[in-house]
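# Fold and geometry: a report
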Amino acid sequence: MLLKETIEDMRVLINRELKNTLEDEIGYQEKIVEAISYSLFAGGKRIRPILLLKSCEAFGGSYNRSMPFALAIEMIHTYSLIHDDLPSMDDDDFRRDKPTNHKVFGEAIAILAGDGLLNLAFETMLNHITQNSQCIEEYRRNTRAMNEIARYSGIYGMVGGQVVDLLSNDISMDEDKLLFMYRCKTAALIQASIVAGVILGGGSDEDIEHMRRFGLKLGLAYQIRDDILDKEEDEGMKKVTYLTYNTIDESAEKVENLSDEAIGILKLYKDKDMEFLINLTEILSGRKV
Ligand code: GRG
């Protein structure tokens, strides 16, 4: 099947599974479910769950084994976007061409929608772990994958990156700090997706570490590519990005080098089918449309 079709089919599958995790609430819980659904189904590309499912598959695991973790990572991603848009953070009115969650539901509900999604992520993983771990090995894989997702999302990962961002201004920022922030804010959830997938698929400790490096390279390439795409908008807002310290050509070269290194890691696996992940890396770093 063509790459584009596979990605589209996966999005449809992920959207369906995400819908199934939310109960149809018509009582007192209706508003929070509505607010969560608004952002969860606002057109996200589902990059992280796709990476998780495909990393698991590359190491021999099935979608059944990894789907609850894939849904959880998308829930965490969505919560982070809702909270990032709040007036106390980035104060954004629009996301994915739609009014942000707090613009539609008010700030208090938007905070709770984010909280609810973060909690739902762990409910989804724990439900699966407690109900479907068939043996001690599977239980260990599942809890280890959840542990990676928890750590990468928290103060040593995405939350930590957001704090660095909030406490920095263009004077206190420098290129090293910016790259640290990108590592935490953007690469962490991408690494969490890939590492969790490899663990669930049954990869060895060595595989996990190789793929962790793949995730870091891909995550940084994705963020710098995003900076290149948003150049004009960011300049208008005087936002500090990779392009504050590098020319557009240097930035493009950095993306190319990172994606070459990422693909190089995947190509070490001669006995595994890494074609999908190689192609996705090319798409995410702008080498392929
Ligand atoms: C509030 C704890 C907390 C963290 C917020 C995610 C985040 C941290 C900030 C959002 C802004 C930003 C620059 C994030 C970097 C990662 C990034 C490029 C997010 C967009 O991800 P995509 O492209 O978005 O996967 P879609 O819309 O497709 O889901």
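Please refer to the structure higher up on the page.
In short, a report on the structure.

What counts and what doesn't
- Residues numbered from 1 in each chain as written.
- Predicted model: local features only at pLDDT ≥ 70, side-chain atom pairs only at ≥ 80, totals over all residues.
- Heavy atoms only, no water.
- Helix = DSSP H or I, 4+ residues; strand = E, 2+ residues; numbered from the N terminus.
- Rg over C-alpha atoms; globule rule 2.2 N^0.38 Å.
- Contact = heavy atoms within 4.5 Å.
- Areas by Shrake-Rupley, 256 points an atom, 1.4 Å probe, with all protein chains shown as cover.
- Lys, Arg positive; Asp, Glu negative; His and termini not counted.
- Charge placed at Lys NZ, Arg CZ, Asp CG, Glu CD.
- Near = heavy atom within 4 Å.
- Polar contact = N/O pair within 3.5 Å; in protein donor to acceptor, adjacent residues only side chain to side chain.
- Nonpolar A, V, L, I, M, F, W, Y, C, P; charged D, E, K, R; others polar.
- Buried < 20%, exposed > 50% of the residue type's maximum accessible area, 1.4 Å probe, protein only.
- Disulfide = S-S within 2.5 Å.
- Salt bridge = Lys/Arg side-chain N within 4 Å of Asp/Glu carboxyl O.
- Axes fitted to C-alpha atoms, helices over the stretch in contact; angles between N-to-C directions.
- Parallel < 35°, antiparallel > 145°, perpendicular 65-115°, else oblique.
- Left-handed = near helix turned anticlockwise from the far one by under 90°.
- Patch = residues over 30% accessible without salt bridge, like charges linked within 9 Å, V, L, I, M, F, W, Y side chains within 5 Å.
- Phe/Tyr/Trp six-rings, centres within 6.5 Å; stacked < 30°, edge-to-face > 60°.
- Lys NZ or Arg CZ within 6 Å of the ring centre and 35° of its normal.

## Description of the overall build of the protein chain
Of regular secondary structure, the protein chain possesses 14 helices and two strands. Relative to the 2.2 N^0.38 estimate, which gives 19 Å for 289 residues, the radius of gyration of the protein chain is 19 Å and therefore close to what a compact globule would have. A fraction of 72% describes how many contacts in the protein chain between residues 6 or more apart in sequence connect residues 24 or more apart. Of the accessible surface of the protein chain, which amounts to about 14500 Å², a share of 50% is contributed by carbon and sulfur atoms. Within the protein chain, one finds 34 positive and 50 negative side-chain charges whose respective centroids are separated by 3 Å.

## Looking at the site of the ligand
Taken together, 19 residues form the shell around the ligand, and within it Lys45, Arg48, His77, Arg96 and Tyr222 come nearest. Lys45 is positioned such that a nitrogen or oxygen atom in its side chain is 2.7 Å from an oxygen atom of the ligand. In the model, an oxygen atom of the ligand is placed 2.7 Å from a nitrogen or oxygen of the His77 side chain. Elements with a contribution of two residues or more to the shell around the ligand: α3 (47-58), α4 (63-84), α8 (158-167), α9 (175-201) and α10 (205-229). Of the residues assigned to the shell around the ligand, the class counts are six nonpolar, seven polar and six charged.

## Considerations on the side chain of Gln191
As for its position among the elements, Gln191 is in helix α9. Among the residues examined, Gln191 registers a relative accessible area of 7% and is labelled buried. Discounting chain neighbours no more than four positions away, the residues touching Gln191 are Tyr152, Arg212, Gly215 and Leu216.

## Comments concerning the state of the cysteines
Per the counting criterion, the structure on display carries zero disulfides. Of all cysteine sulfurs, the one in Cys135 lies closest to Cys56, which takes part in no disulfide; the gap is 14 Å. Looking at Cys56, the relative accessible area reads 0%, which means it is buried.

## Remarks on the pattern of salt bridges
According to the stated counting rule, one finds 16 salt bridges in the structure shown. A salt bridge links Asp85 to Arg95; the shortest N-O distance between them is 2.8 Å. With Asp85 in the loop between α4 and β1 (94-95) and Arg95 in strand β1, this residue pair connects regions lying ten residues apart in the sequence. By relative accessible area, Asp85 is classed as buried at 3%. For Lys185, the salt bridge goes to Asp165, with nearest N and O atoms at 2.7 Å. Note that Lys185 is positioned in helix α9 and Asp165 in helix α8, a separation of 20 residues in sequence. The exposure class of Lys185 is partly exposed, given its relative accessible area of 26%. A cluster of three or more residues bridged by salt bridges with shared partners is formed by Asp84, Asp85 and Arg95.

## Some points on the packing of α3 against α9
The relative placement of two packed helices is expressed as an angle between their axes plus a distance between the axes. At their nearest, the axes of α3 and α9 sit 7 Å apart, and the two run at 25° to each other. As the angle between them shows, α3 and α9 are arranged roughly parallel. As for the relative orientation of α3 and α9, their crossing is right-handed in sense. Seen from α3, the contacting residues are Arg48, Leu51, Leu52, Ser55 and Cys56; seen from α9, they are Leu189, Ile190, Ser193, Ile194, Ala196, Gly197, Val198, Leu200 and Gly201. Classifying every residue of the contact of α3 with α9 by side-chain character gives nine nonpolar, four polar and one charged.

## A few points about a nonpolar patch on the surface
On the surface, Met89, Val163, Leu166 and Leu167 cluster together to form a nonpolar patch covering roughly 370 Å² of accessible area. Along the chain, Val163 turns up in helix α8. By relative accessible area, which is 41% here, Val163 ends up partly exposed.

## Structural notes on the environment of Tyr152
As for its placement among the helices and strands, Tyr152 is situated in helix α7 (residues 136-153). The sequence separation of Tyr152 and Glu282 amounts to 130 residues, and the corresponding C-alpha distance is 24 Å. Apart from residues lying up to four places away in sequence, Tyr152 is in contact with Gly157, Met158, Ala188, Gln191, Ala192 and Arg212.

## Side note on the packing of aromatic side chains
For the structure shown, the criterion picks out two aromatic pairs. For the pair Tyr38 and Phe105, a centre-to-centre distance of 5.5 Å together with 70° between the ring planes defines the contact as edge-to-face. Here the residue Tyr38 occupies a position in helix α2 (residues 30-40), and Phe105 occupies one in helix α5 (residues 101-105), the gap between them amounting to 67 residues. The class of Phe105 is buried, set by a relative accessible area of 15%. Pairing Phe59 with Tyr269 gives two aromatic rings, centres 5.3 Å apart and planes at 85°, and the pair type is edge-to-face. Here the residue Phe59 occupies a position in the loop between α3 and α4, and Tyr269 occupies one in the loop between α13 (248-267) and α14 (275-284), the gap between them amounting to 210 residues. Here Phe59 and Tyr269 have matching classes, each one buried. One Lys or Arg, Lys54, reaches over the ring of Phe276 and ends 4.8 Å from the middle of that ring.

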